[in-house]
Amino acid sequence: MLEFLVYLIGELLFNTLLNLPFFLLREPRKEPSAVQWIGDVLGTLAVGVALGLLSVWIWGHPLLAWPSLRWANLVLSPLLMSGLVVVWRKRRPSATAQGLLRAAVMTFCLTLGLVVTRYFSLG
């Protein structure tokens, strides 16, 4: 049970550190266009994949050897990180609905790229 709790806390900290810019950055004054949205989404997916490969290369993630934990990580991590970013950024008085949606989508894409890469690389 202790290993499972350490896994959860470690995975949450790892994902939070990688998504730290989405917690701290300010929203742009000008609304991004649809082309910028697509570029940002594809860019964050690519960064997530690169970070996933780097994390597998540096550290083997021994607790992700269990298929049930890998599935839980694959499903829960992107949703949890998106929710945390939205809750954190919502505290700012300058937060807009468009900005919250953008931050949530970008966080989801980064974390999804990360966990999908680790899911298939560790298999």
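Presented here is an overview of the structure given in this document. These numbers were taken from a predicted model, which means no experiment stands behind them.

### Description of the overall build of the protein chain
Regarding its fold elements, the protein chain presents five helices and zero strands. What you see in the protein chain, going N to C, is helices and strands ordered as α-α-α-α-α. Scored against the burial criterion, the 123 residues of the protein chain give a buried share of 35%. Sequence-distant contacts in the protein chain: of pairs separated by 6 or more residues, those separated by 24 or more amount to 88%. As presented, the protein chain carries roughly 7700 Å² of accessible surface, and 76% of it is formed by carbon and sulfur atoms.

### Examining the packing of aromatic side chains
The geometry of an aromatic ring pair is captured by two quantities: the separation of the ring centres and the angle between the planes. Under the defined criterion, the tally for this structure stands at two aromatic pairs. For the ring pair Trp71 and Tyr119, a centre distance of 5.4 Å and an interplane angle of 65° mean the geometry is edge-to-face. Of this pair, Trp71 sits in helix H4 (residues 67-90) while Tyr119 sits in helix H5 (residues 97-122), placing them 48 residues apart in sequence. Take Tyr119: its relative accessible area is 16%, and that puts it in the buried class. Measuring from centroid to centroid gives 5.0 Å for Tyr119 and Phe120, while their planes differ by 90°, and the two rings are edge-to-face. Through a chain of ring-to-ring contacts, three or more aromatic side chains come together here, namely Trp71, Tyr119 and Phe120. The ring centre of Trp88 lies 4.1 Å from the NZ or CZ of Arg91, which sits over that ring.

### Some details on the side chain of Thr111
With respect to the helices, strands and loops of the structure, Thr111 is situated in helix H5. Aside from chain neighbours lying at most four places away, what touches Thr111 is Asn15, Asn19, Ser77, Pro78 and Met81.

### Side note on a nonpolar patch on the surface
Among the surface-exposed residues, Leu17, Leu20, Leu24 and Trp88 lie close enough to one another that they form a single nonpolar patch of about 400 Å² accessible area. Structurally, the position occupied by Leu17 is in helix H1 (residues 2-18). When its relative accessible area of 61% is taken as the criterion, Leu17 is described as exposed.

### Focus: the packing of H4 against H5
Contact pair H4 / H5: the axes reach a minimum separation of 8 Å and the direction vectors enclose 160°. On the basis of their axis angle, the class for H4 and H5 is roughly antiparallel. The two elements H4 and H5 meet at a crossing, and its hand is right-handed.

The rules behind the values
- Residues numbered from 1 in each chain as written.
- Predicted model: local features only at pLDDT ≥ 70, side-chain atom pairs only at ≥ 80, totals over all residues.
- Heavy atoms only, no water.
- Helix = DSSP H or I, 4+ residues; strand = E, 2+ residues; numbered from the N terminus.
- Buried < 20%, exposed > 50% of the residue type's maximum accessible area, 1.4 Å probe, protein only.
- Contact = heavy atoms within 4.5 Å.
- Areas by Shrake-Rupley, 256 points an atom, 1.4 Å probe, with all protein chains shown as cover.
- Phe/Tyr/Trp six-rings, centres within 6.5 Å; stacked < 30°, edge-to-face > 60°.
- Lys NZ or Arg CZ within 6 Å of the ring centre and 35° of its normal.
- Patch = residues over 30% accessible without salt bridge, like charges linked within 9 Å, V, L, I, M, F, W, Y side chains within 5 Å.
- Salt bridge = Lys/Arg side-chain N within 4 Å of Asp/Glu carboxyl O.
- Axes fitted to C-alpha atoms, helices over the stretch in contact; angles between N-to-C directions.
- Parallel < 35°, antiparallel > 145°, perpendicular 65-115°, else oblique.
- Left-handed = near helix turned anticlockwise from the far one by under 90°.

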